[in-house]
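Here is what each chain is made of, one letter per residue.
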Amino acid sequence: MANFNARITMPAEAKAGEIVEIRVLVRHPMDRGGQVDAEGRIVPRKILNRLTVTYAGEPVFRFDMHTGISANPFVSFTTRAVETGDLVFEWREDGGAVFTRTARLVVT
Amino acid sequence: MSSPISRACARPEREPSRRQLLAAGSAGLALAALPDAARSATQTPLAELIARVTEGATPMRGGIVFDIPQLVENGNSVDVAIGIDSPMTEADHVRWIHVIAEKNPYPNVARFHLSPRSGRARISATLRLATSQKVAVVAALSNGSYFMADADIVVTLSACIDGG
């Protein structure tokens, strides 16, 4: 999926110790497998099965997804601002594809 | 062409086929016992699903704010928000939050792994619900205890209808 589209909403900067909310919306069909497409073929299962988030190299959040997660999955979570650094979002798709996005949090 | 209801919305463990039943009957097995066995194979009770994620422990009720609409018009996308009152310190934090929808084809829906770095135990996400059912949330705390909350949800349009 070359056009992997993720929208990450979070503050660009925060005070040290502040808790920031991070909202992540991804465009993905999350094919749960078994649907019938327009040509009458069975669509195989293909979902994003995991989102891991690291902040300045440390893991801070992990979201295990199964077929019970909607298409275009949304998730929000919080993390404590400790130091200026990159939040790296890494999605793993069925079949082994990995998509990565990065967002920077400046801590004042 | 095809039915609008996907075959995938059937449980992954299928009921015995007519042929199997006939074979069992001719082999002299008690046919009356089979429907019960078939039903338990196709629908695992919620209590057992919870026991699987807690490794046998019985979670305590309460302590979880579970925000999910009681009436869902479209099971393809159901907003849930889960919050737990926890200081989220190294000594006392929520390790993970697990969501179970007992009547989904795959009842384990999602797991959120948190840590003291989370600062607060509050998450939200969008689920898919196959039918009206009880949705449960299990939270594992760092001290080894488990908490749960559940809610009865009415779904008017199942996520098993194609094109949604």
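Everything quoted here is computed from the prediction, not taken from an experiment.

Student: Mind showing me how you'd approach the environment of Ile47 of chain A here?
Tutor: All names here are of chain A. Relative to the helices and strands, Ile47 resides in the loop between strand E3 (19-27) and strand E4 (48-55). Ile47 sits 15 residues away from Arg32 along the chain, and the two C-alpha atoms are 6.7 Å apart. If we ignore the near neighbours within four places in the chain, the residues touching Ile47 are His28, Met30, Asp31, Arg32, Met65, His66, Thr67, Arg92, Glu93 and Asp94.

Student: It is not clear to me how the interface of chain A and chain B should be interpreted in this structure. Could you clarify?
Tutor: Interface size is commonly expressed as the accessible surface area that is lost when the partners come together. On the side of chain B, 32 residues touch chain A, which itself brings 35 residues to the contact. Together chain A and chain B conceal approximately 2600 Å² of surface at their shared face, both sides included; 45% is due to carbon and sulfur atoms. When residues of chain A are sorted by the area they lose upon contact with chain B, Arg32, Gly68 and Thr78 of chain A head the list and together hold 20% of the total. Along the contact surface separating chain A from chain B lie zero salt bridges. Across the contact surface, chain A and chain B share 16 residue pairs in polar contact (both at pLDDT 80 or more). Counting residues per element, the ones that place at least two in the side of chain A that touches chain B are strand E5 (58-65) and strand E6 (74-80) of chain A. A per-class count over the side of chain A that touches chain B returns 18 nonpolar, 12 polar and five charged.

Student: Got a minute to help me understand the packing of aromatic side chains in this structure?
Tutor: Each aromatic ring pair is specified by the distance between its two centres and by the angle formed by the two planes. Per the counting criterion, the structure on display carries seven aromatic pairs over all chains. Seen in terms of ring centroids, Phe4 of chain A and Phe99 of chain A are 4.2 Å apart; in terms of plane orientation they differ by 0°. Their pairing is stacked. Of this pair, Phe4 of chain A sits in the segment before strand E1 (5-9) while Phe99 of chain A sits in strand E8 (residues 98-107), and the two are 95 residues apart along the sequence. Phe99 of chain A carries the same exposure label as Phe4 of chain A, and that label is buried. Three or more aromatic residues link up through ring pairs in this structure, and these residues are Phe4, Phe89, Trp91 and Phe99 of chain A. Over the ring of Trp96 of chain B we find Arg111 of chain B, and its NZ or CZ is 3.8 Å from the ring centre.

Rules and cut-offs
- Residues numbered from 1 in each chain as written.
- Chains lettered and ligands numbered in written order.
- Predicted model: local features only at pLDDT ≥ 70, side-chain atom pairs only at ≥ 80, totals over all residues.
- Heavy atoms only, no water.
- Helix = DSSP H or I, 4+ residues; strand = E, 2+ residues; numbered from the N terminus.
- Contact = heavy atoms within 4.5 Å.
- Buried area = accessible area lost by both parts, 1.4 Å probe.
- Salt bridge = Lys/Arg side-chain N within 4 Å of Asp/Glu carboxyl O.
- Polar contact = N/O pair within 3.5 Å; in protein donor to acceptor, adjacent residues only side chain to side chain.
- Nonpolar A, V, L, I, M, F, W, Y, C, P; charged D, E, K, R; others polar.
- Phe/Tyr/Trp six-rings, centres within 6.5 Å; stacked < 30°, edge-to-face > 60°.
- Buried < 20%, exposed > 50% of the residue type's maximum accessible area, 1.4 Å probe, protein only.
- Lys NZ or Arg CZ within 6 Å of the ring centre and 35° of its normal.

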